[in-house]
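A structural walkthrough
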Amino acid sequence: MYGVADVDQGAFATHAVWREAFLFHIPDAMSSADAAPLMCAGATVFNALELHGVRPTDRVGVVGIGGLGHLAIQFAAKMGCDVVVFSSTDSKRNEAMTLGANEFYATKGAKKLDIGRPVNCLLVTTSASPDWSLERRYLPVIAPMGTIFPLTVTEGDFSIPHMGFVRKGLRIQGVICPSRGLHVKMLRFAALHGIKPVIQTFPLTLEGIEEAIEKLEKGQIRYRGVLVAPDA
């Protein structure tokens, strides 16, 4: 998995020479700057939705509107799902609805969420894992036999109230990097339906890299930073 081993593969290079069989064709309708985040965050959420049988008739919950979440909303909506978004405050409500959400709920300070019909699956895309011990918050909004996709990259243990989990027959489904075939399907699907990441571009220079890293550390990237090589 990239980032764990073989980390000297030229991530900051302007050019590279690779065997054609190892590369992906970027659809003509998609820019390279848009393709870059889709190949990572886009593939992650598409993998969860496509590989694990999410259907157009499903009600899909998305926790968090960030690098993963804003793409999860778009993919689920374009797949025909009823998309319900959960975010800490109301600040991203309009953006969520524009991206394709049908409902939006602010969770900060809420002890209980009343959303009416529960969701069939819940994609957790926040930078930190939710506090599942708040059993009245997220577990009640998931339908019996529903699935939780914890997409957060974080250290530590995954802890969830035992009875709240088994009583409803919930499933926790881990998701990792998709296959080459799913990557190709994701790119074609995104190009066909006009799914695009929200990006900030920076020149692939020393100054551009430093600016991008500084904004990232300050939490000022919305929602993906892309380094663009000269003449790219």
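Higher on the page you've got the structure.
Description of the structure in this document. (Residues numbered from 1 in each chain as written. Predicted model: local features only at pLDDT ≥ 70, side-chain atom pairs only at ≥ 80, totals over all residues. Heavy atoms only, no water.)

A few points about the nonpolar core
For the record, the criterion: To qualify as a nonpolar core, a set must consist of buried Ala, Val, Leu, Ile, Met, Phe, Trp, Tyr and Cys residues joined through side-chain atoms within 4.5 Å. Relative accessibility decides the category of a residue: with a 1.4 Å probe and only protein chains considered, values under 20% of the type maximum give buried, values over 50% give exposed, and everything between is partly exposed. Per the convention used, a helix needs a DSSP run of H or I reaching at least four residues, while a strand needs a run of E reaching at least two, with both numbered from the N terminus. When checking whether two residues touch, look at their non-hydrogen atoms; a contact exists if any pair is within 4.5 Å.
Among the nonpolar cores identified, the biggest contains 39 residues, and Leu38, Leu49, Val60, Ile73, Phe75, Val85 and Leu123 are the most heavily contacted of them. The set of elements that each furnish at least two residues to this core consists of helix H1 (32–51), strand S1 (59–63), helix H2 (69–78), strand S2 (82–87), helix H3 (93–99), strand S4 (119–124) and helix H5 (180–193). Take this core: its biggest share by element is eight residues, from H1. In contact with Ile73, other than residues within four places in its own chain, are Val62, Ile65, Val83, Val85, Ala96, Leu99, Gly100 and Ala101.

What to know about the packing of aromatic side chains
In plain terms, the rule: Note on aromatic contacts: the rings of Phe and Tyr and the six-membered ring of Trp form a pair at centre separations within 6.5 Å, being stacked when their planes are under 30 degrees apart, edge-to-face when over 60 apart, and tilted otherwise. Counted as over-ring charges are cases with an Arg CZ or a Lys NZ within 6 Å of the ring centre that also lie within 35 degrees of the ring normal.
Counted according to the given criterion, the structure contains seven aromatic pairs. Taken together, the ring pairs in this structure connect Phe86, Tyr105, Trp132, Tyr138 and Phe158 into an aromatic cluster. In this arrangement the basic side chain of Arg180 is found over the ring face of Phe24, its NZ or CZ atom lying 4.5 Å from the centre.

Concerning H2
Burial within H2 is extensive, with eight of its 10 residues counted as buried. Those residues of H2 hidden inside the fold are in contact with H1, S1, S2, H3, S4 and H5. Once H2 finishes, Gly80 follows within two positions and takes phi at roughly 95°, a positive value.

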